[in-house]
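# Observations on the three-dimensional arrangement
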Amino acid sequence: VVWIILRKELIYHITTARVLIFFIISASLFVINGFTFVGAYKSDVETYGNPRAESRVGRSTTGTALTAKPNPLEFCVEGNAHIRPRMLYIRLDGTIQSQRRSQYENFKLPDVRRIDWSFIIQTIYALFCVVLTFDAISGERARGTLRLMASNSVSRAQILLGKYLAALIITLAVLLIGGLMSLAIINLLSVAVPAKADVVPLILFVLLSMFYVSLFISMSLLASSLTRTSATALLSLLLIVIVLVFVAPNMAGIIAGKLADAPSDYETRARSDAVGAEYIETAREVRERIQSGVIKDRDEVIKANRDIYLRMVEAQKQIQKEYESGLMRKQKMAETLALISPSAAFQASGESLVNSGAVFQRRFRIAAERYQGIYLDYVESKVGEIIPTWQPPINIRLPDKTIINAPEVRAKQYDGDMSDFPLFAYPNPSIPERLQNALFNIALLILWNVVCFLGAHIIFIRRDI
Amino acid sequence: LNYKYDAVSGERESGLLKLVLSNSISRGAFLTGKLLGRLLCLLIPLTVGMIISLLFLLTNPSIQLDGADWIRISLFFGLALLYVSVFLCAGLAVSAVMRSSASSLIIPLTMWILAIAIHPVLSVIAARNLHPIDSPGTMGRKVQSIEEEYQKRLNEIWAIQTQLRKEGKDEIEYVIQYNAVNMEKGKVVDKTKQDFLNQFTAQASFAGNLSRLSPAGCFSNATEAIVSTDIGAYDRFMEASRQFWYRHVEQRKKRAEASREEARKIELPEEPEVEYPLAESIQRAAPDIALLILFTGLCFIAAYALFARCEV
């Protein structure tokens with residue numbers, strides 16, 4: 001019986017204009033996705049190297065840089081990779097600095113989200129599911145065909161299931177056609193994408209998308225069984241979609257920015273400047289100690305001066321660390337708050353599966369921190385000692401007006417063989433690890449599905465038709 | 001859209017439309033009444049929302065609004081109404097032809113999603129591809145090669161200067177030459193960076209022009225120009241800062257020529273007062289305002305034409 005309802009629904013859907021309009025919009029967006037991805041990917045490969053090659057690490061003992069390889073699956077979930085730092089600088093003072101955005105990027109263009117699969121599915125598909133099913137029950141009820149159908153030996157659960165499956169199949173069919181078009185363009189224009197290793201994450205992402213669209217179909221069925229007229233169902237669903245897909249994820253960031261205890265940009269800079277001013281003040285201390293005869297010879301003067309300088313650098317480093325951990329706290333809080341929206345859960349689990357976006361950024365940072373320890377040991381073994389901070393040459397004027405030139409202090413560059421330079425273990429988690437990482441968000445999506453479908457079922461059973 | 005979707009189709013469905021039109025009411029008057037009535041309904045939440053937001057602002061002592069600011073806020077309010085009426089008229093037009101209220105919601109909804117979520121992204125993508133500019137890497141390398149070239153010349157002069165000083169000879173000629181080359185370097189680098197910025201502006205205005213295809217794009221262009229948060233205002237600020245710096249350099253040069261003591265003084269010229277005249281803002285916003293009016297007019301005419309010809 002379910003099969004008969006399913007077939008009838010499928011034929012009905014295929015002949016409607018809304019599916020055609022949706023198909024055209026979806027296909028155009030997937031084609032645009034293919035073309036724009038290839039352009040961005042080629043330029044990334046040119047700048048940051050081939051993702052299939054060995055990780056590139058600058059062989060130097062004065063600090064090194066780690067590069068995030070371009071991810072061939074970013075056409076799926078880009079996760080704002082284009083504005084995230086692609087390079088991390090490992091410094092000898094124990095800090096890791098992120099690459100800044102180039103001053104030659106066109107900052108006058110509006111910063112818009114890239115059209116990746118995740119964007120298309122999150123926005124267009126959520127709306128499409130609503131438009132496809134908002135009148136599935138209420139429409140038939142209004143036309144009187146629902147009574148006719150229920151008067152046969154068919155249970156309401158079967159009717160609901162048939163309608164649900166039909167909508168799901170149509171949506172997935174449009175998604176697969178669009179996805180294949182995008183993949184075809186990417187393959188025609190660029191040979192390296194996607195490789196064998198990318199197939200499993202890609203399939204997992206499509207499955208994840210199925211959970212996401214299915215929840216909106218269930219939600220529409222719920223609203224459709226609940227309301228008297230189709231227009232009311234559509235209106236209430238629209239409101240829910242706008243709140244869940246567009247408003248909630250953005251509001252989470254804004255609320256976290258206000259609530260999270262994190263020093264601001266301005267505050268951090270002001271504190272750092274204050275430390276710099278304090279340094280000048282304490283430099284006087286040295287002169288006083290010279291005057292009072294505590295410090296006598298040249299080397300001692302230079303050492304005392306160096307100590308103060310290092311203290312300043314240490315204090316500034318601490319301020320920077322607090323700032324960065326504040327940013328992390330903000331991001332964590334925003335992610336937690338955003339979980340109210342299935343759209344955010346979908347995005348986060350998508351990022352975990354294809355190893356991109358904020359999830360990758362965190363993995364990259366953790367791997368870099370681990371690498372830093374290995375790197376510092378290596379530098380120490382090669383040049384003997386680690387000189388954490390560069391210091392410019394300074395002239396120290398003594399009370400008797402003689403001037404001591406404190407020379408520049410600079411980390412040593414090892415001239416010998418560096419073929420044993422430690423390799424960077426690039427964060428490329430295995431599929432089970434990725435799944436484990438995405439588990440919570442996937443569970444949330446499934447929960448949404450179960451609640452909406454059960455809700456639709458209960459209401460449909462209890463309501464008069 | 002939510003307000004307007006059943007304006008005509010809803011009344012048609014419930015049979016009220018026949019009843020209303022059987023009186024001596026023209027279809028034009030009926031449509032205008034519907035439009036104005038719903039515009040007034042939207043006016044209330046919009047006004048209340050803006051007043052609450054303004055009250056919050058005004059309780060903060062660091063924010064002071066002057067006369068021109070209030071005019072800008074009023075203009076913003078007017079633009080918001082104009083923007084809303086585009087969608088009201090579009091909804092009205094669709095509602096006039098559609099048989100059921102639900103279908104008359106789907107079409108404007110699709111248009112709205114395209115206008116809000118897809119079109120802005122597409123205009124940026126189109127601008128990047130149809131109006132390409134040099135890549136950041138190319139730009140960076142260009143500036144670097146200029147700087148390196150000049151640095152080579154500067155190093156040569158510096159070497160001669162050091163040599164002369166060691167020999168106890170007069171080096172002043174080379175000091176002057178060094179400064180001249182250094183200044184030339186600054187000017188050439190600045191000119192190159194300016195060229196890049198002009199490329200940015202050209203690409204951004206291309207994207208801006210494309211965004212005018214949708215009322216949402218026109219609305220954001222017009223409001224940005226009115227409150228001076230657009231690229232035009234940014235360029236104005238940057239130009240004022242640049243002029244300020246040139247004045248500073250000129251003053252220093254003059255002081256350096258006057259005497260050694262004068263040269264040591266660090267006095268900055270008066271800070272630039274960057275003004276964003278209201279007239280200029282309105283001028284920048286004018287094309288977008290005109291387009292918004294055009295959109296509204298076209299949608300209303302379409303609504304009227306469709307409603308006049310359709311069966312009730």
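As the structure is a computational prediction, the values presented were derived from the model and not from experiment.

## A word on the interface of chain A and chain B
Facing 30 residues of chain A, the contacting portion of chain B comprises 36 residues. Both sides of the chain A and chain B interface together cover about 2,800 Å² of buried area, and 81% of this is carbon and sulfur. Three residues stand out in chain A for area buried against chain B, namely Y104, K108 and L109 of chain A, and they jointly supply 28% of the buried area on that side. For the pair chain A and chain B, the number of links is one salt bridge. Applying the counting criterion to the chain A and chain B interface returns four residue pairs in polar contact (both at pLDDT 80 or more). Counting residues per element, the ones that place at least two in the side of chain A that touches chain B are α2 (17-48), α3 (117-133) and α8 (230-259) of chain A. Ranked by residue count, the leading element in the side of chain A that touches chain B is α8 of chain A, at seven residues. Residues belonging to the side of chain A that touches chain B are distributed by class as follows: 21 nonpolar, five polar and four charged.

## Topic: the nonpolar core
Residue and element names in this part refer to chain A. Counting residues in hydrophobic clusters, the biggest one holds 92 residues, and the most contacted among them are F75, W117, I121, I124, Y125, Y212 and F216. The element contributing the most residues to this core is α3, with 13 residues. Filtering out sequence-adjacent residues up to four positions away, I121 remains in contact with A126, L175, F205, S209, Y212, V213 and F346. Core analysis: the next-biggest nonpolar cluster, separate from the first, contains 21 residues, I90, A367, Y375 and M418 among them.

## Regarding the packing of helix α4 (residues 67-97) of chain B against helix α8 (residues 215-226) of chain B
Residues and elements named next belong to chain B. Two numbers describe how α4 lies on α8: the axes approach to 10 Å, and their chain directions differ by 175 degrees. It follows that α4 is roughly antiparallel to α8 by the angle criterion. Contact with α4, carried on its side by R72, L75, F76, L79, A80, Y83, V86 and F87, involves P215, A216, F219, A222, T223 and I226 of α8 and no other residues of that element. Considering only residue class, the contact of α4 with α8 consists of 12 nonpolar, one polar and one charged.

## What to know about a nonpolar patch on the surface
Residues and elements named next belong to chain A. Residues L239, V243, V247, M251, I254, I255, L259 and L337 make up a contiguous nonpolar surface patch of roughly 680 Å² in combined accessible area. Ranked by the residues each element gives to the nonpolar patch, the list is headed by α8, at seven residues. Note that L259 resides in helix α8.

## What to know about the side chain of D288 of chain B
Residue and element names in this part refer to chain B. By the secondary structure assignment, D288 is in helix α11 (residues 278-309). Here the side chain of D288 touches N221 through a polar contact of 3.5 Å, side chain to side chain. Not counting residues within four places of it along the chain, the set of residues in contact with D288 comprises R212, C218, N221 and A222.

## Overview of the packing of helix α1 (residues 2-14) of chain A against helix α6 (residues 156-189) of chain A
Angle between the axes and distance between the axes are the two parameters that describe a pair of packed helices. All names here are of chain A. Contact geometry for α1 and α6: axes closest at 8 Å, N-to-C directions at 45 degrees. By the criterion of interaxial angle, the relationship of α1 to α6 is oblique. You can see that α1 and α6 cross each other, and the crossing is right-handed. Residue-level inspection shows V2, I5, L6, K8, E9, L10, H13 and I14 of α1 in contact with α6, the latter providing Q158, I159, L161, G162, K163, L165, A166, I169 and I170. Taken together, the residues of the contact of α1 with α6 break down into 11 nonpolar, three polar and three charged.

## Observations concerning the environment of K254 of chain B
Residues and elements named next belong to chain B. Relative to the elements of secondary structure, K254 occurs in helix α9 (residues 231-258). Note on K254: relative accessible area 59%, which makes it exposed. C-alpha of K254 to C-alpha of V94: the two residues are 160 residues apart in sequence and 70 Å apart in space.

## A short note on the sheet that holds strand β1 (residues 64-67) of chain A
All names here are of chain A. The three strands are arranged β1-β2-β3 in an open sheet whose pairing can be described as antiparallel. Sheet topology places β1 and β3 (96-98) at the edges, where each strand pairs with a single neighbour. Strand after strand, the sheet turns through a mean of 25 degrees between neighbouring axes, direction not considered. For β1 and strand β2 (residues 87-90), the ladder comprises four bridges, and the chain directions are antiparallel. The partner of L66 across the bridge, within β2, is L88. Its contacts with the sheet put helix α12 (residues 357-383) on β1, β2 and β3, and the angle it makes with β2 is roughly 25 degrees.

## Some words on the confidence of the model for chain B
Residues and elements named next belong to chain B. Chain-level pLDDT for chain B is 85 on average; 96% of the residues reach the 70-or-more range. Summarising per-element confidence for chain B, the mean pLDDT is lowest in helix α1 (residues 9-14) (72) and highest in α8 (93). Interface confidence for the predicted complex, given as ipTM, is 0.77, next to a pTM of 0.83.

## Quick look at the pairing of β2 of chain A
Residues and elements named next belong to chain A. Two elements, β2 and β3, share three bridges in a ladder whose sense is antiparallel. When the bridges of β3 are listed, I90 appears paired with I96. Turn length for the β2-β3 hairpin, with the two strands adjacent in sequence and antiparallel, is five residues, and the turn residue G94 shows positive phi of about 90 degrees.

## A few points about the confidence of the model for chain A
Residues of chain A with pLDDT of at least 70 account for 97%, and the chain-wide mean is 86. Mean pLDDT per element in chain A: strand β4 (residues 394-397) of chain A is the minimum at 73, and helix α7 (residues 199-226) of chain A is the maximum at 94.

## Considerations on unusual backbone geometry
A positive phi angle, close to 60 degrees, is found at N355 of chain A, a residue other than glycine. Turning to its location among the elements, N355 of chain A is positioned in the loop between α11 (342-354) and α12. By relative accessible area, which is 6% here, N355 of chain A ends up buried. The residue S228 of chain B is not glycine, and still its phi comes out positive at about 60 degrees. Secondary-structure assignment places S228 of chain B in the loop between α8 and α9.

## Side note on the packing of aromatic side chains
All names here are of chain A. All chains considered together, the criterion is met by 27 aromatic pairs over all chains. Taken together, a centroid distance of 5.4 Å and an interplanar angle of 70 degrees make the contact between F37 and F75 edge-to-face. One end of the pair, F37, is in helix α2; the other, F75, is in the loop between β1 and β2, with 38 residues separating them in the sequence. Each member of the pair F37 and F75 is classed as buried. Judged by centre distance (4.6 Å) and plane angle (20 degrees), the rings of Y212 and F346 are stacked.

## Let's talk about α9 of chain B
Note that an α-helix has 3.6 residues per turn; residues three or four places apart therefore point the same way. Residue and element names in this part refer to chain B. Between its terminal C-alpha atoms α9 stretches 41 Å, which fits the 40 Å expected from 28 residues at 1.5 Å a residue. Where α9 is concerned, the buried positions are A233, A240, R242, F244, H248 and R255. Where α9 is buried, its residues touch α7 (172-211), α10 (260-264) and α11.

What counts, and at which threshold
- Residues numbered from 1 in each chain as written.
- Chains lettered and ligands numbered in written order.
- Predicted model: local features only at pLDDT ≥ 70, side-chain atom pairs only at ≥ 80, totals over all residues.
- Heavy atoms only, no water.
- Contact = heavy atoms within 4.5 Å.
- Buried area = accessible area lost by both parts, 1.4 Å probe.
- Salt bridge = Lys/Arg side-chain N within 4 Å of Asp/Glu carboxyl O.
- Polar contact = N/O pair within 3.5 Å; in protein donor to acceptor, adjacent residues only side chain to side chain.
- Helix = DSSP H or I, 4+ residues; strand = E, 2+ residues; numbered from the N terminus.
- Nonpolar A, V, L, I, M, F, W, Y, C, P; charged D, E, K, R; others polar.
- Core = buried A, V, L, I, M, F, W, Y, C linked by side-chain atoms within 4.5 Å.
- Buried < 20%, exposed > 50% of the residue type's maximum accessible area, 1.4 Å probe, protein only.
- Axes fitted to C-alpha atoms, helices over the stretch in contact; angles between N-to-C directions.
- Parallel < 35°, antiparallel > 145°, perpendicular 65-115°, else oblique.
- Patch = residues over 30% accessible without salt bridge, like charges linked within 9 Å, V, L, I, M, F, W, Y side chains within 5 Å.
- Areas by Shrake-Rupley, 256 points an atom, 1.4 Å probe, with all protein chains shown as cover.
- Left-handed = near helix turned anticlockwise from the far one by under 90°.
- Pairing = 2+ DSSP bridges.
- pLDDT = per-residue confidence, 0-100.
- Phe/Tyr/Trp six-rings, centres within 6.5 Å; stacked < 30°, edge-to-face > 60°.
- Expected span 1.5 Å × (residues − 1).

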